[in-house]
Amino acid sequence: MSLTTPLSVQKLQTALHDKAKGSPNFRFYALYDKVYREDVLAFAYECCKANRGAAGVDGQTFEDIEEYGVKKWLDELTQELKSRTYRPQPVRRVYIPKPDGKQRPLGVPAIRERVAQTAAVLVLEPIFEADLQSEQYAYRADRSALDAVRHVHKLLNTGHGQIVDADLSGYFDSIPHSHLHLIKMWLEAPVEETDEKGNKHRSTRNRDEGRGTPQGAPISPLLSNLYMRRFVLGWKKLGHEKRLAAHIVNYADDLVICCRGQAEEALAVMRDIMTRLKLTVNETKTRVCKLPEEKFDFLGYTFGRCYSPKTGRAYIGTVPSKKRVIRICEAISEMTGRNQTLLDQEMVVGQLNRTMIGWANYFCLGPVSNAYRAVERHARKRLRQWLCAKHKEVWPAYNRFPEASLHDVLGLVRLTKRTSSLPWATS
């Protein structure tokens, strides 16, 4: 659900942004009172509610707050912030699986903290947005991961064929703490996690080491952009961009440096700057890639040599990476497992369509036909298996569930019909 920013909040943000843009050296001293402004906190609450999300360590849900009374709840939060008696609760830690089999830690702040952090973002983001670099594409209005992909593609086709494919270890865990009091309290809040036996454990590593921001907190994207800005700005101000003809493209903790040559030197310089910033380069995943002989992945796309299906001509382009194709096929398999046979077929097909269309909306650059065919073929196979299990038919049941009926009768989306109108990456 898309929310419209209230006019009063828009006016505040515009005024802050214009001042920051027009007076780069201006220091903003009186911002704290804007965070607990009634309209700002109320909109922050609506933003958090729209994002839903699980409860924090206190177990409080949005339903609990609605029953208690939103205005009363917000008034109490306002008073705590205003009187400076506000103290954040510990962050609940959960783990989600990563494609490489490892687990990514996510922090789940209590709703109270999420609302306060979102209010701070509403006030601070317009100021810092004016100072972020054009090479940074994450968490910014009118910018997207696809824009970053297009930028890399353009650089590759203008002679920047040597790539520093960089990977940072635990980027969000490495960001040094700000000295702004409110933000520092959020950064230093203990982390609580539950072990396999149900026992709760609290850690104060962030506070003890003076670094780290819980990935998943509303304030984290802003802080990650601000810290990466230091690297991008340093790279340019120290003259490395011009000297090495090496251009950075950054999205959150994903980073490539596109060079006309001297990529090895660019990698060495990048390591040095990252060390100074107290960020860790993952040496096992960071490498120099030279096109067109080699390929590299960035933001789900594989960049490298492609061939025109009409002329056979070779060119540098993008295709959805094998990892991303495998990942959506695994998601389709989960949706059509035997444990899902009690669901209505309309619900299952609808879920498949939403997943596939969302995936294809992102993977729309370059020659995507092969990837679309693979995903569509897997979806048909899995849907037919699911129908056989649901209706106790013997696999493969082509007569009862022919390919055409899966699409024309049940409504399974045909991704391959979308390719004729897609914007191929030829810029």
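Residues numbered from 1 in each chain as written. Predicted model: local features only at pLDDT ≥ 70, side-chain atom pairs only at ≥ 80, totals over all residues. Heavy atoms only, no water.

Another aspect to go through is the overall build of the protein chain. Helix and strand counts for the protein chain stand at 17 helices and 12 strands. Relative to its 427 residues, the protein chain shows a buried fraction of 46%. Here the protein chain has roughly 22,400 Å² of accessible surface; of this, 50% comes from carbon and sulfur atoms. (Helix = DSSP H or I, 4+ residues; strand = E, 2+ residues; numbered from the N terminus. Buried < 20%, exposed > 50% of the residue type's maximum accessible area, 1.4 Å probe, protein only. Areas by Shrake-Rupley, 256 points an atom, 1.4 Å probe, with all protein chains shown as cover.)

Take the environment of Lys 390 next. Structurally, the position occupied by Lys 390 is in helix 16 (residues 369-391). Judged by relative accessible area, which is 25%, Lys 390 ranks as partly exposed. Note: C-alpha distance between Lys 390 and Arg 338 (52 residues apart in sequence) is 8.0 Å. With sequence-adjacent residues up to four places away left out, Lys 390 is seen in contact with Thr 341, Leu 342 and Leu 343. Of the polar contacts made by the side chain of Lys 390, one reaches the backbone oxygen of Leu 343; its length is 2.9 Å. (Contact = heavy atoms within 4.5 Å. Polar contact = N/O pair within 3.5 Å; in protein donor to acceptor, adjacent residues only side chain to side chain.)

Moving on: the packing of helix 1 (residues 7-22) against helix 6 (residues 111-129). Between two packed helices, both the angle of their axes relative to each other and the distance between the axes serve to describe the pair. Where helix 1 contacts helix 6, the axes come no closer than 7 Å and their chain directions differ by 30°. One way to sum up the angle between helix 1 and helix 6 is to call them roughly parallel. In terms of crossing hand, the pair formed by helix 1 and helix 6 is right-handed. For the pair helix 1 and helix 6, contact is made by Leu 12, Gln 13, Leu 16, His 17 and Ala 20 and by Leu 122, Val 123, Pro 126, Ile 127 and Glu 129, respectively. (Axes fitted to C-alpha atoms, helices over the stretch in contact; angles between N-to-C directions. Parallel < 35°, antiparallel > 145°, perpendicular 65-115°, else oblique. Left-handed = near helix turned anticlockwise from the far one by under 90°.)

On to helix 11 (residues 220-237). Under the 1.5 Å per step criterion, the end-to-end length of helix 11 is 26 Å for 18 residues, consistent within 8% with the ideal 26 Å. At the exit of helix 11 stands Gly 239, carrying a positive phi of roughly 85°. (Expected span 1.5 Å × (residues − 1).)

Going through the model one piece at a time under the given rule, you end up with 12 aromatic pairs. When the ring of Tyr 32 is compared with that of Tyr 36, the centres are 5.7 Å apart and the planes differ by 75°; the resulting orientation is edge-to-face. On the accessibility criterion, Tyr 36 (17% relative accessible area) is buried. For the pair Tyr 139 and Tyr 251, a centre-to-centre distance of 6.3 Å together with 40° between the ring planes defines the contact as tilted. (Phe/Tyr/Trp six-rings, centres within 6.5 Å; stacked < 30°, edge-to-face > 60°.)

So, about helix 13 (residues 263-276). The end-to-end C-alpha distance of helix 13 is 20 Å, a good match for the 20 Å that 14 residues give at a rise of 1.5 Å each. Every buried residue belonging to helix 13 is among Ala 263, Ala 266, Leu 267, Val 269, Met 270, Ile 273 and Met 274, and all of these are buried. Angularly, the buried residues of helix 13 cover 165° about the axis, an arc narrow enough to put them on a single face. Opposite its buried face, helix 13 presents the exposed residues Thr 275 and Arg 276, each directed more than 90 degrees away. (Arc of directions from axis to C-beta.)

A contiguous patch of negative charge on the surface is contributed by Asp 58, Glu 63, Asp 64 and Glu 67. Of note, Glu 67 is situated in helix 4 (residues 62-68). (Patch = residues over 30% accessible without salt bridge, like charges linked within 9 Å, V, L, I, M, F, W, Y side chains within 5 Å. Salt bridge = Lys/Arg side-chain N within 4 Å of Asp/Glu carboxyl O. Lys, Arg positive; Asp, Glu negative; His and termini not counted. Charge placed at Lys NZ, Arg CZ, Asp CG, Glu CD.)

With that settled, consider the pairing of strand 7 (residues 254-259). For strand 7, the buried fraction is high: five of the six residues fall into the buried class. Sheet analysis places strand 3 (residues 162-169) next to strand 7, joined by six bridges and oriented antiparallel. Within strand 7, the residue paired with Ala 166 across the bridge is Leu 255. Direction of pairing for strand 6 (residues 246-251) relative to strand 7: antiparallel, over a ladder of six bridges. Paired with Tyr 251 across the strands is Asp 254, a residue of strand 7. Connecting strand 6 to the next strand, strand 7, in antiparallel fashion are two residues, including Ala 252 with a positive phi near 55°. (Pairing = 2+ DSSP bridges.)

Here the amide bond leading from Leu 291 into Pro 292 is cis, since omega sits at 10°, within 30 degrees of zero. Among the secondary structure elements, Pro 292 is positioned in the loop between strand 9 (287-290) and strand 10 (296-298). Residue Trp 395 is joined to Pro 396 through a cis peptide bond whose omega torsion reads 10°. Of note, Leu 299 is a non-glycine position whose phi angle comes to about 55°, a positive value. Within the secondary structure, Leu 299 is located in the loop between strand 10 and strand 11 (301-307). Of note, the phi angle at Ala 397 is positive, near 55°, even though the residue is not glycine. Among the structural elements, Ala 397 can be located in the loop between helix 16 and helix 17 (403-408). Exposure remark for Ala 397: the relative accessible area of 13% places this residue in the buried category.

Now for the confidence of the model for the protein chain. On average, residues of the protein chain score 88 in pLDDT, and 87% of them reach the 70 mark or higher. Mean pLDDT in the protein chain bottoms out at helix 10 (residues 205-209), which sits at 45, and peaks at helix 7 (residues 145-156), which reaches 98. The model gives residues 205-212 a pLDDT under 50, and that stretch makes 25 contacts with residues more than four places away or in other chains. (pLDDT = per-residue confidence, 0-100.)

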